Amino acid sequence: MTFKRVVVTGLGALTPIGNDVATYWNNLAAGVSGAGPITKFDASKFRTQFACEVKGLDVTQYIPRQEARKMDAFTHYALIATEQAVQDANLNLETLDRNKVGVIWGSGIGGLKSFEDEMIEYAKGDGTPRINPFFIVRMIADSASGQISMKYGFRGTNYVTVSACASTNNAIIDAFNYIRLGRLNMCVVGGSEAAVTKAGIGGFNANRALSERNDSPETASRPYDKDRDGFVMGEGAGSIILEEYEHAQARGAKIYAELIGGGMSSDAYHITAPHPEGLGAFLAMQDALNDAGIAPESIDYINTHGTSTPIGDPQELKAIHQLFGEHSFKMNISSTKSMTGHLLGAAGAVEAIACIKAIEHQIVPPTINHFTEDGEIDSRFNLTFNTAQARPLTTVMSNAFGFGGHNAIVIFRKLS
Amino acid sequence: MSDIAEKVKKIIVEKLGVEESEVTPEASFTNDLGADSLDTVELIMEFEKEFNLPIPDDEAEKISTVGLAIEYLEKHIGK
């Protein structure tokens, strides 16, 4: 059977380096770090006291206060980024067949702070439960996709994918499949996360995943640098309108890029550590290339998972080298987490947007904070250190891997 | 207006996002003030917390208007 083509027609972003897509992209291209001391709670007793927070956001500009207080921040972020994407896609909600518009969202955790706050309150009492009636709906991860569907009346497929830091890429791939099979005309995809909380920072500190470079937050996220010491927690959301190509053409939509492939695999190895030879990453990238029906040499740029952890970074590169051979030294590679921090379940969302904007502007955003070469990392890779690089970009790949061994890869191409 | 009535009004304005002028004794939480069933449960819980008074479920179900809430609380507080 022939698959339908799937294109990107709208973008929205709420990130630690910009509360809209234009600001986000400008700061990505300029190499700006979003890290700073944690303001959301008193972190003075935590091993890590900094993060990449969303800044200067007035939620009530987008969501009435009465509605907002019934939602966790990760749902606020989802609604805000999606409002931008819906505007950007220039959708006419009156004429659109909204029964054929889905929402598939990614979140690694869901309403972590809502859970935390409620249980802290409970612990203060005598054991009598006085749980707020909105507690569950604030907390559950699928409230984000549910709220988006209610706001716009999108009555197609609706759910949330949970695969830790691969969540959004799984959401994108699911939507890709529904649209190319003709099951949906359009789908809002993306992801949001709001885990800069006591439990989030404390929990990732406890499993030693976070950087503890408290004296220099802005340089802490340093993928591929010899002295990298863990990831920097980020938060925010990215929202993308995926649309069937002919549907987009018929309504005269602006088309950013085409989504041409998705690949998935599991490490089946360890709950946090990646496979030592990067086997899962290799299989997922290979699967994505096969799905797209393209040769490895077609890839011009990979936006890596590259979280700035000692073990993860080189293993991903090992897998890239194994799959792409000599071509892995000819393409550009960068980790934009050096600027945004790691948005966990939303990482794939903001990184897909980085890839799509990279194609639009023909610019590869950099891996900032490279100071010292790591002898373990082959110096022939072009890791786009410290400053953006202009180059012709046709086909780009975005990698995401999650605790649990989940790997999900997407490939975007300039529309031909 | 009693202290209790003032506090009740304040909670309703805060939780339901309505204007103070709308919070009349006859106003029904669901029909006039836009509350859904979960909002109503939350309101009752806020009253319980504010006045440190447990309200049994069968009593809570009958508290459907601003006036009935004030009346119930005035009757049971301090006894």
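What counts, and at which threshold
Residues numbered from 1 in each chain as written. Chains lettered and ligands numbered in written order. Predicted model: local features only at pLDDT ≥ 70, side-chain atom pairs only at ≥ 80, totals over all residues. Heavy atoms only, no water. UniProt positions renumbered as here; feature names shortened; annotations may be inferred. Salt bridge = Lys/Arg side-chain N within 4 Å of Asp/Glu carboxyl O. Helix = DSSP H or I, 4+ residues; strand = E, 2+ residues; numbered from the N terminus. Buried < 20%, exposed > 50% of the residue type's maximum accessible area, 1.4 Å probe, protein only. Patch = residues over 30% accessible without salt bridge, like charges linked within 9 Å, V, L, I, M, F, W, Y side chains within 5 Å. Areas by Shrake-Rupley, 256 points an atom, 1.4 Å probe, with all protein chains shown as cover. Lys, Arg positive; Asp, Glu negative; His and termini not counted. Charge placed at Lys NZ, Arg CZ, Asp CG, Glu CD. Axes fitted to C-alpha atoms, helices over the stretch in contact; angles between N-to-C directions. Parallel < 35°, antiparallel > 145°, perpendicular 65-115°, else oblique. Left-handed = near helix turned anticlockwise from the far one by under 90°. Contact = heavy atoms within 4.5 Å. Expected span 1.5 Å × (residues − 1). Polar contact = N/O pair within 3.5 Å; in protein donor to acceptor, adjacent residues only side chain to side chain. Pairing = 2+ DSSP bridges.

- Labelled according to an unreviewed UniProt entry, chain B appears under the name Acyl carrier protein, originating from Spirosoma profusum.
- The heading Sequence similarities (unreviewed entry) in the UniProt record of chain B holds the text "Belongs to the acyl carrier protein (ACP) family."
- Its UniProt record, at the heading Subcellular location (unreviewed entry), says of chain B: "Cytoplasm".

- Looking at an unreviewed UniProt entry, one finds chain A named 3-oxoacyl-[acyl-carrier-protein] synthase 2, with Spirosoma profusum as its source organism.
- According to UniProt, the comment filed for chain A under the heading Pathway (unreviewed entry) is "Lipid metabolism; fatty acid biosynthesis."
- UniProt lists a comment for chain A under the heading Sequence similarities (unreviewed entry), and it reads "Belongs to the thiolase-like superfamily. Beta-ketoacyl-ACP synthases family."

**Quick look at the pattern of salt bridges**
So, step 1. Taken as a whole and assessed by the stated rule, the structure comprises 22 salt bridges over all chains.
So, step 2. Two residues, B:Glu42 and B:Lys15, come together in a salt bridge whose shortest N-O distance is 4.0 Å. Here B:Glu42 is found in helix 2 (residues 37–51), whereas its partner B:Lys15 is found in helix 1 (residues 3–16), with 27 residues between them in sequence.
So, step 3. For B:Glu42, a relative accessible area of 2% puts it in the buried group.
So, step 4. Look at B:Lys15 and you get buried, because its relative accessible area is 15%.
So, step 5. One network of salt bridges, in which partners are shared, links A:Arg69, B:Lys15, B:Glu42, B:Glu46 and B:Lys49.

**Focus on a negative patch on the surface**
All names here are of chain B.
So, step 1. On the surface, Asp-3, Glu-6, Glu-19, Glu-20 and Glu-22 cluster together into a patch of negative charge.
So, step 2. Looking at the secondary structure, you find Glu-19 in the loop between helix 1 and helix 2.
So, step 3. In this structure Glu-19 comes out as exposed when scored by relative accessible area, which is 55%.

**Focus: the packing of helix 10 (residues 279–292) of chain A against helix 11 (residues 312–324) of chain A**
Residues and elements named next belong to chain A.
So, step 1. Across the interface, helix 10 lies against helix 11 with an axial gap of 9 Å and an inter-helix angle of 45 degrees. The angle between helix 10 and helix 11 falls in the class oblique. Handedness of the helix 10/helix 11 crossing: right-handed. Taken together, the residues of helix 11 that come into contact with helix 10 (itself represented by Ala-281, Phe-282, Met-285, Gln-286 and Leu-289) are Ala-319, Ile-320, Gln-322, Leu-323 and Phe-324.

**Let's talk about unusual backbone geometry**
Outside of glycine, negative phi angles account for most residues, and trans bonds account for most peptide bonds.
Residues and elements named next belong to chain A.
So, step 1. Phi is positive for Tyr-224, which is not a glycine, with a value near 75 degrees.
So, step 2. Among the secondary structure elements, Tyr-224 is positioned in the loop between helix 8 (198–206) and strand 7 (236–244).
So, step 3. Since its relative accessible area comes to 1%, Tyr-224 is described here as buried.
So, step 4. Positive phi, normally seen in glycine, also occurs at Ala-268, with a value near 45 degrees.
So, step 5. Relative to the assigned elements, Ala-268 resides in the loop between strand 8 (257–266) and helix 10.

**Observations regarding helix 2 of chain B**
Residues and elements named next belong to chain B.
So, step 1. Between its first and last C-alpha atoms helix 2 spans 21 Å; for 15 residues at 1.5 Å apiece the expected length is 21 Å, and the two agree.
So, step 2. Put simply, Asp-36 is the residue that caps the front of helix 2, since its side-chain oxygen is 3.1 Å from the backbone nitrogen of Leu-38.
So, step 3. Trailing helix 2 by a residue or two, Asn-52 shows a phi angle of about 50 degrees, which is positive.

**A closer look at the UniProt feature "domain: Ketosynthase family 3 (KS3)" (unreviewed entry) in chain A**
So, step 1. Per the UniProt record, the feature "domain: Ketosynthase family 3 (KS3)" (unreviewed entry) sits at residues 3–414 of chain A.
So, step 2. This span, residues 3–414 of chain A, is 32% helix and 18% strand, and a straight line between its end C-alpha atoms measures 18 Å.

**Let's talk about helix 10 of chain A**
Residue and element names in this part refer to chain A.
So, step 1. With 14 residues, helix 10 extends 20 Å from end C-alpha to end C-alpha; this agrees with the ideal 20 Å at 1.5 Å per step.
So, step 2. Within helix 10, the full set of buried residues consists of Gly-280, Ala-281, Phe-282, Ala-284, Met-285, Ala-288, Leu-289 and Ala-292.
So, step 3. Packed against the buried residues of helix 10 are strand 8, helix 11, strand 13 (395–402) and strand 14 (406–413).
So, step 4. Looking one or two residues beyond helix 10, the residue adopting positive phi is Gly-293, at roughly 70 degrees.

**Quick notes on the sheet that holds strand 1 (residues 6–14) of chain A**
Residue and element names in this part refer to chain A.
So, step 1. Taking strand neighbours across the sheet as the criterion, the 10 strands line up as 5-4-6-7-1-8-14-13-9-10 in an open arrangement whose pairing is mixed. Looking at which strands have only one partner, the edges of the open sheet turn out to be strand 5 (158–161) and strand 10 (332–334). The sheet shows a mean angle of 25 degrees between the axes of neighbouring strands, direction not considered.
So, step 2. By the bridge criterion, 3 bridges tie strand 9 (residues 301–303) to strand 13 in an arrangement that is parallel. Residue Asn-303 lies in a different strand from strand 13, and its bridge partner there is Ser-398.
So, step 3. Where helix 6 (residues 143–152) meets the sheet, it contacts strand 4 (101–106), strand 5 and strand 6 (186–193), and its direction lies at approximately 150 degrees from that of strand 4.

**Quick notes on the side chain of B:Ser28**
So, step 1. Tracing the backbone shows B:Ser28 in the loop between helix 1 and helix 2.
So, step 2. Discounting chain neighbours no more than four positions away, the residues touching B:Ser28 are B:Leu33, B:Ser64 and B:Thr65.

**Thoughts on a nonpolar patch on the surface**
So, step 1. There is a patch of nonpolar side chains on the surface, built from A:Met1, A:Phe3 and A:Leu181 and spanning about 370 Å² of accessible area.
So, step 2. Here A:Met1 lies in the segment before strand 1.

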